[in-house]
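# Per-entry structural report
If you want the building blocks of each chain, they are given just below.
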Amino acid sequence: MTESAMSAAPVVRRAVLDDGPALGELDRATWSTLHAVQPRPQPPYEPFFDERHLPQDILVAQAEDEAGRLVPAGYIRVVPPTPLACNAHVRQIQGLAVAHWARGRGVGRALIRAACVAARGEGASRITLRVLGHNAPARALYEAEGFAVEGVLPGEFFLNGRYVDDVMMGRSLTP
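Bear in mind that the values here come from a model prediction, so they are computed numbers and not experimental data. (Residues numbered from 1 in each chain as written. Predicted model: local features only at pLDDT ≥ 70, side-chain atom pairs only at ≥ 80, totals over all residues. Heavy atoms only, no water.)

Assignment of secondary structure puts P137 in helix 4 (residues 136-144). Classification of P137 as exposed rests on a relative accessible area of 55%. For the pair P137 and H35, spaced 102 residues apart in sequence, the C-alpha separation works out to 10 Å. (Helix = DSSP H or I, 4+ residues; strand = E, 2+ residues; numbered from the N terminus. Buried < 20%, exposed > 50% of the residue type's maximum accessible area, 1.4 Å probe, protein only.)

Now for the sheet that holds strand 2 (residues 58-64). Spatially, the 7 strands line up as an open sheet ordered 1-2-3-4-5-7-6, and their pairing is mixed. Either end of the sheet is taken by a strand with one partner, and the two such strands are strand 1 (11-14) and strand 6 (148-159). The average angle at which neighbouring strand axes cross in this sheet is 25°, direction not considered. Of the pairings in the sheet, the one linking strand 1 to strand 2 comprises 4 bridges and is antiparallel in character. When the sheet's bridge partners are listed, R13 is paired in strand 2 with V60. Sheet strands in contact with helix 2 (residues 20-29) are strand 2, strand 3 (70-79) and strand 4 (90-98), and its direction is about 80° off that of strand 3. Against the sheet, helix 3 (residues 107-121) touches strand 1, strand 2, strand 3, strand 4, strand 5 (126-132) and strand 7 (162-172), its axis set at about 45° to strand 3. (Pairing = 2+ DSSP bridges. Axes fitted to C-alpha atoms, helices over the stretch in contact; angles between N-to-C directions. Contact = heavy atoms within 4.5 Å.)

This paragraph deals with the nonpolar core. Membership of the largest hydrophobic core comes to 38 residues, with the highest contact counts inside it found for L23, I58, I76, I127, Y142 and F147. Breaking this core down by element, the ones donating at least two residues are helix 2, strand 2, strand 3, strand 4, helix 3, strand 5, helix 4 and strand 7. It is helix 3 that provides the largest number of residues to this core, a total of 8 residues. (Core = buried A, V, L, I, M, F, W, Y, C linked by side-chain atoms within 4.5 Å.)

A word on the pattern of salt bridges. Throughout the structure, instances matching the rule amount to 8 salt bridges. For the salt bridge of D19 with R13, the shortest nitrogen-to-oxygen distance reads 2.8 Å. Its relative accessible area of 8% is what places D19 among the buried residues. R69 is paired through a salt bridge with D65; the nearest N and O atoms lie 2.5 Å apart. For R69, a relative accessible area of 52% translates into the label exposed. (Salt bridge = Lys/Arg side-chain N within 4 Å of Asp/Glu carboxyl O.)

The subject of this paragraph is the pairing of strand 3. Buried residues dominate strand 3, accounting for 7 of its 10 residues. Of the pairings in the sheet, the one linking strand 2 to strand 3 comprises 7 bridges and is antiparallel in character. Note on strand 3: the bridge partner recorded for A63 is V71. The turn linking strand 2 back onto strand 3 is made up of 5 residues, and G68 within it adopts a positive phi angle of 85°. Of the strand pairs in this sheet, strand 3 and strand 4 are connected by 5 bridges, and their pairing is antiparallel.

Because the α-helix completes a turn every 3.6 residues, residues three or four places apart line up on one side. Residues of helix 2 that are buried: G20, L23, G24 and L26. For helix 2, the angular spread of the buried residues around the axis is 160°, confining them to a single face. Residues of helix 2 that are exposed and point more than 90 degrees away from the buried face comprise P21 and E25. Summarising the contacts, the buried residues of helix 2 are in contact with strand 2, strand 3 and strand 4. (Arc of directions from axis to C-beta.)

Spatial relationships are all this shows, so hold off on functional conclusions.
Written as structure tokens, this is what we have:
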């Protein structure tokens with residue numbers, strides 16, 4: 001890979017149905033107890049897109065891989081947290097994954113920033129997320145992008161033989 005490709009900012013776009021297989025593969029490749037509360041996916045794999053996970057809810061970051069091809073390097077899922085009109089002003093990040101080969105290249109940061117822009121464009125004035133307490137890299141990235149801890153559910157999950165906090169974070173989308 002060229003030096004300019006390594007430093008080039010990822011291109012972020014809305015997902016399309018054809019992204020499903022690549023995003024499913026990315027999701028499985030990045031599965032980790034650092035962020036997952038569901039068991040590791042096993043074959044036969046469910047489709048990435050379904051009635052609850054629609055292409056229009058997902059932003060995809062593309063970057064050049066080791067072979068110089070422009071491929072999905074990460075994704076972020078941003079949705080209304082509930083169907084209630086009283087919190088239609090809120091969007092929630094419900095999934096973020098970055099390919100191992102693309103880490104440290106600004107992909108996660110680009111996805112979070114694009115998610116905030118997209119949420120603002122949909123009329124949202126606030127964005128929230130939940131992250132496992134032991135996921136220090138994700139928490140640091142969210143904090144660097146203006147998210148603050150707004151609540152903690154201590155010991156909410158039992159993962160790998162220990163209790164893990166569920167940390168709620170959020171930020172305003174208004175200037």
